[in-house]
Amino acid sequence: MAARSDGRSRLVEGLPNEGWRTRFAPAPTGFLHLGHLVNALHVWGIARAYGGQVVLRLEDHDRTRWRPEYEAALLEDLDWLGLVPDMWPTPSFRADAVGHPARQSNQTARYAAALVSLETRAAVYACRCTRRDIAMAVPHAPGVEPRYPGTCRTANVPPGDTFARRVTLAPASFTFTDLRLGPLTQAPWQQCGDVLVRDRHDQWTYQFAVVVDDMTHGIDLVIRGEDLLASTGRQLQLGSLLGREVPPTFLHHMLLVHADGSKLSKARHDTAIRELRAAGATASELFGVAAARAGLHETPRPLPVEALPELFR
Ligand code: GLU
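Residues numbered from 1 in each chain as written. Predicted model: local features only at pLDDT ≥ 70, side-chain atom pairs only at ≥ 80, totals over all residues. Heavy atoms only, no water.

Caption draft 1: Fine view of the side chain of Q186. Structurally, Q186 is set in strand β7 (residues 182-186). The class of Q186 is buried, set by a relative accessible area of 11%. Within polar-contact distance, the side chain of Q186 engages the backbone oxygen of L229 at 2.9 Å. Apart from the residues within four sequence positions on either side, Q186 is in contact with A172, S173, F174, F176, Q191, L229, A230, S231, T232 and G233. (Helix = DSSP H or I, 4+ residues; strand = E, 2+ residues; numbered from the N terminus. Buried < 20%, exposed > 50% of the residue type's maximum accessible area, 1.4 Å probe, protein only. Polar contact = N/O pair within 3.5 Å; in protein donor to acceptor, adjacent residues only side chain to side chain. Contact = heavy atoms within 4.5 Å.)

Caption draft 2: Up close: the packing of aromatic side chains. Enumeration according to the criterion identifies five aromatic pairs in this entry. Here F31 and Y70 contribute two aromatic rings whose centre-to-centre distance is 5.0 Å and whose plane-to-plane angle is 85 degrees, an arrangement assigned as edge-to-face. Taken together, the residues F31 in the loop between β1 (20-24) and α2 (34-49) and Y70 in helix α3 (residues 68-81) connect sequence positions 39 residues apart. For F31, a relative accessible area of 23% translates into the label partly exposed. You can call Y70 partly exposed: its relative accessible area is 21%. Aromatic side chains Y111 and W204 sit 6.0 Å apart centroid to centroid with 50 degrees between the ring planes, which places their arrangement in the tilted category. A residue pair is termed long-range when its members are at least 10 positions apart, and Y111 in helix α4 (residues 108-121) and W204 in the loop between β8 (195-198) and α7 (206-216) qualify at 93 residues. Since its relative accessible area comes to 1%, Y111 is described here as buried. W204 sits in the buried class, given a relative accessible area of 8%. An aromatic cluster is present here, built from Y111, W204 and F208 joined pairwise through their rings. The ring of W66 is capped by R63, whose NZ or CZ atom sits 4.3 Å from the centre of that ring. In this structure, R166 is placed above the aromatic ring of Y148, and the distance from its NZ or CZ to the ring centre is 3.7 Å. (Phe/Tyr/Trp six-rings, centres within 6.5 Å; stacked < 30°, edge-to-face > 60°. Lys NZ or Arg CZ within 6 Å of the ring centre and 35° of its normal.)

Caption draft 3: Highlighting α3. Between its first and last C-alpha, α3 extends 20 Å over 14 residues, near the 20 Å set by a 1.5 Å rise per residue. E71, A73, L74, D77, L78 and L81 are the residues of α3 that are buried. Along the axis of α3, the buried residues cluster in a sector spanning 165 degrees; they form a single face. For α3, the secondary structure elements touched by its buried residues are β1, α2, β2 (52-58), β3 (102-103), α9 (273-278) and α10 (283-293). Immediately downstream of α3, the backbone of G82 shows phi near 80 degrees, a positive value. (Expected span 1.5 Å × (residues − 1). Arc of directions from axis to C-beta.)

Caption draft 4: Fine view of the environment of D133. One can find D133 in helix α5 (residues 131-137). Taking the C-alpha atoms as reference, D133 lies 9.8 Å from Y148; in sequence the two are 15 residues apart.

Caption draft 5: Focus on the nonpolar core. Of all hydrophobic cores here, the largest spans 43 residues; its most connected members are L41, W44, I46 and F287. If you list the elements that add at least two residues to this core, you get β1, α2, β2, α3, β9 (221-225) and α10. It is α2 that contributes the most residues to this core, ten residues altogether. What F287 contacts, discounting residues up to four positions off in sequence, is L37, L41, L81, L83, L303, V305 and L308. (Core = buried A, V, L, I, M, F, W, Y, C linked by side-chain atoms within 4.5 Å.)

Caption draft 6: Structural detail: the sheet that holds strand β4 (residues 124-126). Within the open sheet, the three strands sit side by side as β4-β5-β8. Their pairing is antiparallel. The strands lining the two open edges of the sheet, one partner per strand, are β4 and β8. Neighbour-to-neighbour, the strand axes of this sheet turn through a mean angle of 35 degrees, independent of strand direction. Inspection of the sheet shows strand β5 (residues 165-167) paired to β8 by three bridges, in the antiparallel sense. The residue of β8 that forms the bridge with R165 is R198. (Pairing = 2+ DSSP bridges. Axes fitted to C-alpha atoms, helices over the stretch in contact; angles between N-to-C directions.)

As structure tokens, then:
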């Protein structure tokens, strides 16, 4: 109980001032599952408890994995769950019909402009290395991210040879206070090395797109799972290189795992919201199960969407 109330006071003390924004930013590359629901109940619960607004953003930057049926299902599941975003971002951001959420695939001009601005503040270079090249060049334990060894940094790869671009990271450490985990420090130049901003297939990378989007959307609080914790330092560094003056605050919540300890994935259907729905579950029951499995309340009693703020007060 003590740990829980400490966590609560860290949350309350660390929240941005009134009128702040957070976001729900799923990738339409599979069906929403209970892991997304844990994220959503943190996002909506904290926003509704403490005066924040929720922006919905579809992170469809990976065009090879995006599918229209996943996107349609995602919006429909949110609707069924009663999770209503407060805003899609500004009208100029929204290139398509009124009422549609922000999509990364509409934002390529914005990412290209951000790259030009990045080039005024840091060295950006063309890179020919594939993932495999890097994995072979850098000894690393299984499951550990290899650090990019800087192979192309001085190789003068002609920019016309590839779409891939990396940004040179200065040796710097970034300290931030996670609203659940407390103060943390990361040194991206040691952890991952120079960050890829666009890949060789001309796709903007998650790391770059998310930083540009969070700036564009005025996101003050990023609420996401612990699996993305290692990305935070590099996103702070990219944000600072792009001229973001006040970085967002972060809260990384626990992840749900299967009984065997493996991460929930879109490839396994046993926790997909639509399948649980089809089997007769109600939205309140699913919120209750997700909250209990995330350690937010003790037993999986049904939890109506209106009660989500109570989990965080
Ligand atoms: N699109 C990411 C996902 O679905 C979330 C990214 C983020 O919250 O920064 O896992």
